[in-house]
Amino acid sequence: MPRRRERTLEVSEGGLLMSVLQVVTCPGCGAAVPGVDNFCPGCGAHVPRVIVPVSEGGPPTGPPRRKRGVGLALAAVVVLGLVLVGAALYGLLRQTPAEKQYDASAPVLTATLDDLSTAQSTRMVRDISADAVAEQGEIQDVMDADMGARGVDRLVVMRDAFGELAALQDYKASNTAVWTRNRSGLVDDLAVLSSYGGTTAQVGEAGEDAVRTVDDLTARINRAMAEYREQLQAAKDSAVAKRTNLRAYRRSMNALLAQFAEVQSDIVGVAQRATVRRTHLYDVIDAFDAAGIAQRDLLVRMAQVPSAPGTRAQHLALLAVLGDEVDLLDSAAVELGNALCRGEGCYLIVDPAWMQLRTDLDQRVSAVDEAMQSWREAVRTAKDQAQDVQLPKKPYL
């Protein structure tokens, strides 16, 4: 016996309208199953409840249709979203001038560090540093144009690194301190740049080689310059000592020679007076004897004066000539003691022997004058040589 639909109850489940069969016929015994029971009251057979979806306005007519306007709106939203995402990505991917300059300067920095790692002299360091000066200027121009642009913070570090390299324009054998002052800053900046990765990922490694090279060069220069300064100071000290010794020598000798000349002048005066007027012989003897003693004492003192460099030959020659005059005075005193005198006063007799003594004395005086002149010229030459300091050759570094 076929099923018979008695009536339905429309219920809503999950947003869909359902039609539920209220009275059905048991398929087993044909008895009517009231309500919404699931089992037949007659035979106990299971009677499933039939639920049929229906629309609000009537029986089910098939799957619901989407409205055309809703689809178009959804498509428009998707397209708009894609446009916005694309625009955002373009803004993120488009480089600012600061970022472009950063990427352009990175290989220049690496190349500069590579060149610096091969430097063997201060001149090479300065030549390499010239490239850093130019690059630093270009970076600064970009920064000045827009300090708020994206990427300027990294470009500042790049500029500082080039600035520390540019400072090596003053790197000289006498000024290695410029490297000492900028070394730690350069190392720090290169470490930061390397941490950024990308185009500057390798600057840290290149920087290590460059820093090690300049460190070694600086140490070598400092050792060479320390040795040079010691040699220079020694040369200066030697020159000062020479000039000091020469001044002391000249001062001592001039004082002794002045006394010698004074004694000489006195004895010449005695000889002249004794020739033109009566003079007691013993007065003449005493004068020659005293003059000889005084000059010999001065001669001994001159021999004790250390000669200055460059004057020893003339010093010895002068002493020899002065000694000849002293010997002449001593011999004259002896000869006069054996000479005859005249009158009760024993006056000097002006005879050929006396006149010969006068001639010999004049010749000794002339010889002493010439020796003194030669000595003074030797002293002047020694002074010029002392002023011409032989400085050590400055090392090429």
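Nothing here was measured: the structure is a model prediction, and the numbers come from that model.

Some points on the overall build of the chain
Next, step 1: Each helix and strand in the chain was counted, giving nine helices and seven strands.
Next, step 2: Scored against the burial criterion, the 397 residues of the chain give a buried share of 34%.
Next, step 3: The long-range fraction of contacts in the chain, counting pairs at least 24 apart against all pairs at least 6 apart in sequence, stands at 70%.
Next, step 4: Accessible surface computed for the chain: about 23600 Å², of which carbon and sulfur atoms make up 54%.

Quick look at the packing of helix α7 (residues 281-303) against helix α8 (residues 312-338)
Next, step 1: Across the interface, α7 lies against α8 with an axial gap of 8 Å and an inter-helix angle of 155°. Judged by the inter-axis angle, α7 sits roughly antiparallel to α8. For the pair α7 and α8, the sense of crossing is left-handed.
Next, step 2: Per-class residue counts for the contact of α7 with α8 are 15 nonpolar, five polar and five charged.

Considering α7
Next, step 1: Between its first and last C-alpha, α7 extends 33 Å over 23 residues, near the 33 Å set by a 1.5 Å rise per residue.
Next, step 2: Regarding α7, the residues found buried are Leu281, Val284, Ile285, Phe288, Ala291, Gly292, Gln295, Leu298, Leu299 and Met302.
Next, step 3: In this structure, the buried side of α7 is in contact with α6 (203-276), α8, β6 (341-342), β7 (347-348) and α9 (352-387).

Re the confidence of the model for the chain
Next, step 1: The pLDDT averaged across the chain works out to 85; a share of 81% of its residues lies at or above 70.
Next, step 2: When the criterion is pLDDT under 50, residues 1-21 qualifies, and its contacts beyond four places in sequence or with other chains add up to 48 contacts.

Considerations on the pattern of salt bridges
Between side chains of opposite charge, a pair can form as their charged atoms come close.
Next, step 1: Evaluation of the coordinates by the stated rule reveals eight salt bridges.
Next, step 2: Across the pair arginine 150 and glutamate 99 runs a salt bridge whose closest N-O atoms are separated by 2.9 Å. Of the two residues, arginine 150 is situated in the loop between α3 (122-145) and α4 (152-166) and glutamate 99 in helix α2 (residues 97-116); the sequence distance between them amounts to 51 residues.
Next, step 3: One salt bridge connects arginine 183 with aspartate 215, and the closest N-O pair in it is separated by 2.9 Å. Placement of arginine 183 in helix α5 (residues 177-196) and of aspartate 215 in helix α6 is noted, with a sequence separation of 32 residues between them.
Next, step 4: A relative accessible area of 24% means that aspartate 215 is categorised as partly exposed.
Next, step 5: Taken together, the shared-partner salt bridges connect Arg296, Asp327 and Asp330 into one network.

Details of a negative patch on the surface
Next, step 1: There is a patch of like negative charges on the surface, built from Asp114, Asp115, Asp127 and Asp131.
Next, step 2: Elements with a minimum of two residues in the negative patch: α2 and α3.
Next, step 3: Along the polypeptide, aspartate 114 turns up in helix α2.
Next, step 4: Looking at aspartate 114, the relative accessible area reads 40%, which means it is partly exposed.

Section: unusual backbone geometry
Next, step 1: Of note in this structure, cysteine 346 is not a glycine but carries a positive phi near 55°.
Next, step 2: Locating cysteine 346 in the fold gives a position in the loop between β6 and β7.
Next, step 3: Overall, the relative accessible area of 9% leaves cysteine 346 in the buried class.

Topic: the nonpolar core
Next, step 1: By size, the foremost hydrophobic cluster in this structure holds 40 residues, and its most contacted members are Leu109, Leu113, Leu116, Met158, Tyr171 and Leu193.
Next, step 2: Taken together, the elements giving at least two residues each to this core come down to α2, α3, α4, α5 and α6.
Next, step 3: The dominant element in this core, judged by the number of residues it contributes, is α6, at 10 residues.
Next, step 4: Excluding residues within four positions of it along the chain, leucine 116 makes contact with Val125, Ile128, Leu165, Leu168, Ala210, Thr213 and Val214.
Next, step 5: If you look at the next biggest cluster of nonpolar residues, it comprises 23 residues, including Tyr249, Leu299, Ala308 and Val321.

Here's the deal with the layout of surface pockets
Next, step 1: When its volume is computed, the second largest pocket comes out at roughly 220 Å³.
Next, step 2: Lining the second largest pocket are 14 residues, and of these Ala239, Lys242, Gln385, Ala386 and Asp388 sit closest to its centre.
Next, step 3: Broken down by element, the lining of the second largest pocket gets its largest block of residues, five residues, from α6.
Next, step 4: The residue inventory of the lining of the second largest pocket, partitioned by class, reads eight nonpolar, four polar and two charged.

Re the packing of α4 against α5
Next, step 1: Here α4 crosses α5 at 145°, and the two axes come no closer than 9 Å. Of the two elements, α4 crosses α5, and the hand of that crossing is left-handed. Across from Arg154, Val157, Met158, Asp160, Ala161, Glu164 and Leu165 in α4, the residues of α5 making contact are Asn182, Gly185, Leu186, Asp189, Val192, Leu193 and Tyr196.
Next, step 2: Partitioned by chemical class, the residues of the contact of α4 with α5 number eight nonpolar, two polar and four charged.

Some words on the packing of aromatic side chains
Next, step 1: Per the counting criterion, the structure on display carries three aromatic pairs.
Next, step 2: Residues tyrosine 102 and tyrosine 196 carry aromatic rings whose centres are separated by 6.5 Å and whose planes lie at 55° to one another, so their mutual orientation is tilted. With tyrosine 102 in helix α2 and tyrosine 196 in helix α5, this pair connects stretches of sequence that are 94 residues apart.
Next, step 3: Judged by relative accessible area, which is 5%, tyrosine 102 ranks as buried.
Next, step 4: Tyrosine 196 sits in the partly exposed class, given a relative accessible area of 26%.
Next, step 5: Judged by centre distance (6.3 Å) and plane angle (70°), the rings of phenylalanine 288 and tryptophan 354 are edge-to-face. With a gap of 66 residues between them, phenylalanine 288 in helix α7 and tryptophan 354 in helix α9 connect regions that are remote in the sequence. Take phenylalanine 288 and tryptophan 354: they sit in the same class, and that class is buried.
Next, step 6: The cationic tip of arginine 154 hangs over the ring face of tyrosine 196; the distance from NZ or CZ to the ring centre is 4.2 Å.
Next, step 7: The side chain of arginine 278 reaches across the aromatic face of tyrosine 347, ending 4.3 Å from its centre.

So, how was this worked out
Residues numbered from 1 in each chain as written. Predicted model: local features only at pLDDT ≥ 70, side-chain atom pairs only at ≥ 80, totals over all residues. Heavy atoms only, no water. Helix = DSSP H or I, 4+ residues; strand = E, 2+ residues; numbered from the N terminus. Buried < 20%, exposed > 50% of the residue type's maximum accessible area, 1.4 Å probe, protein only. Contact = heavy atoms within 4.5 Å. Areas by Shrake-Rupley, 256 points an atom, 1.4 Å probe, with all protein chains shown as cover. Axes fitted to C-alpha atoms, helices over the stretch in contact; angles between N-to-C directions. Parallel < 35°, antiparallel > 145°, perpendicular 65-115°, else oblique. Left-handed = near helix turned anticlockwise from the far one by under 90°. Nonpolar A, V, L, I, M, F, W, Y, C, P; charged D, E, K, R; others polar. Expected span 1.5 Å × (residues − 1). pLDDT = per-residue confidence, 0-100. Salt bridge = Lys/Arg side-chain N within 4 Å of Asp/Glu carboxyl O. Patch = residues over 30% accessible without salt bridge, like charges linked within 9 Å, V, L, I, M, F, W, Y side chains within 5 Å. Lys, Arg positive; Asp, Glu negative; His and termini not counted. Charge placed at Lys NZ, Arg CZ, Asp CG, Glu CD. Core = buried A, V, L, I, M, F, W, Y, C linked by side-chain atoms within 4.5 Å. 1 Å grid on protein atoms, 1.4 Å probe; cavity = no way out; pocket = protein on both sides within 12 Å on 5 of 7 lines; lining within 4 Å. Points joined across faces, edges and corners; volume = space filled by probe spheres on them. Phe/Tyr/Trp six-rings, centres within 6.5 Å; stacked < 30°, edge-to-face > 60°. Lys NZ or Arg CZ within 6 Å of the ring centre and 35° of its normal.

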